[in-house]
Amino acid sequence: MATQVICKCGNLFPAARARLGYTTCLPCGDRDAHKVSFAVMPAYSKGAYQVISRDDIANTNPKR
């Protein structure tokens, strides 16, 4: 069994990480995680959840 797996960037990462379901090395995974540009939040205190953009997150609580 292989002890390391090749990431899309060409770096090696542990096979144990791949067995956990990860397909990238830590630097690529961190970079991909920061690319998320939306969040799911309730529109009001009592309501259904909706997808909002990262820019709108700052405006969800104007008291701060």
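Refer to the structure printed above.
The structure reproduced in this document is the subject of the present report.

Definitions and limits used
- Residues numbered from 1 in each chain as written.
- Predicted model: local features only at pLDDT ≥ 70, side-chain atom pairs only at ≥ 80, totals over all residues.
- Heavy atoms only, no water.
- Helix = DSSP H or I, 4+ residues; strand = E, 2+ residues; numbered from the N terminus.
- Buried < 20%, exposed > 50% of the residue type's maximum accessible area, 1.4 Å probe, protein only.
- Contact = heavy atoms within 4.5 Å.
- Phe/Tyr/Trp six-rings, centres within 6.5 Å; stacked < 30°, edge-to-face > 60°.
- Lys NZ or Arg CZ within 6 Å of the ring centre and 35° of its normal.
- Salt bridge = Lys/Arg side-chain N within 4 Å of Asp/Glu carboxyl O.
- Lys, Arg positive; Asp, Glu negative; His and termini not counted.

1. As for the overall build of the protein chain
Helix and strand counts for the protein chain stand at 3 helices and 4 strands. Classification of the 64 residues of the protein chain by burial places 14% in the buried group. Long-range pairs, those at least 24 residues apart, make up 2% of the contacts in the protein chain with a sequence separation of at least 6.

2. With respect to the packing of aromatic side chains
Applying the stated criterion across every chain, the model contains 0 aromatic pairs. Of note, Arg17 hangs over the ring of Tyr22, and the distance from its end group to the ring centre comes to 4.2 Å.

3. With respect to the pattern of salt bridges
This model, assessed by the stated rule, comprises 1 salt bridge. Where Asp32 meets Lys8, a salt bridge forms, and the shortest distance between an N and an O atom there is 3.0 Å. Note that Asp32 is positioned in helix 2 (residues 26-33) and Lys8 in the loop between strand 1 (4-6) and strand 2 (12-14), a separation of 24 residues in sequence.

4. Overview of the environment of Tyr22
Tracing the sequence through the fold places Tyr22 in the loop between helix 1 (15-19) and helix 2. Residues Tyr22 and Cys7, 15 residues apart in the sequence, show an inter-C-alpha distance of 9.8 Å. When neighbours within four sequence positions are excluded, Tyr22 is seen to be in contact with Phe13 and Arg17.

5. Remarks on the environment of Asp32
For Asp32, a relative accessible area of 29% puts it in the partly exposed group. Look past the residues within four positions of Asp32 in its chain and what remains in contact with it is Lys8 and Thr24.

6. Brief notes about the side chain of Arg17
Relative to the helices and strands, Arg17 is located in helix 1. Of the side chains with opposite charge, Asp32 lies nearest to the buried Arg17, which makes no salt bridge, at 8.5 Å. Those residues in contact with Arg17, other than ones at most four positions away along the chain, are Tyr22, Thr24, Cys25 and Leu26.

7. Structural notes on the environment of Gly10
Examined against the element boundaries, Gly10 turns out to sit in the loop between strand 1 and strand 2. Separated by 14 residues in sequence, Gly10 and Thr24 have C-alpha atoms that sit 9.7 Å apart.

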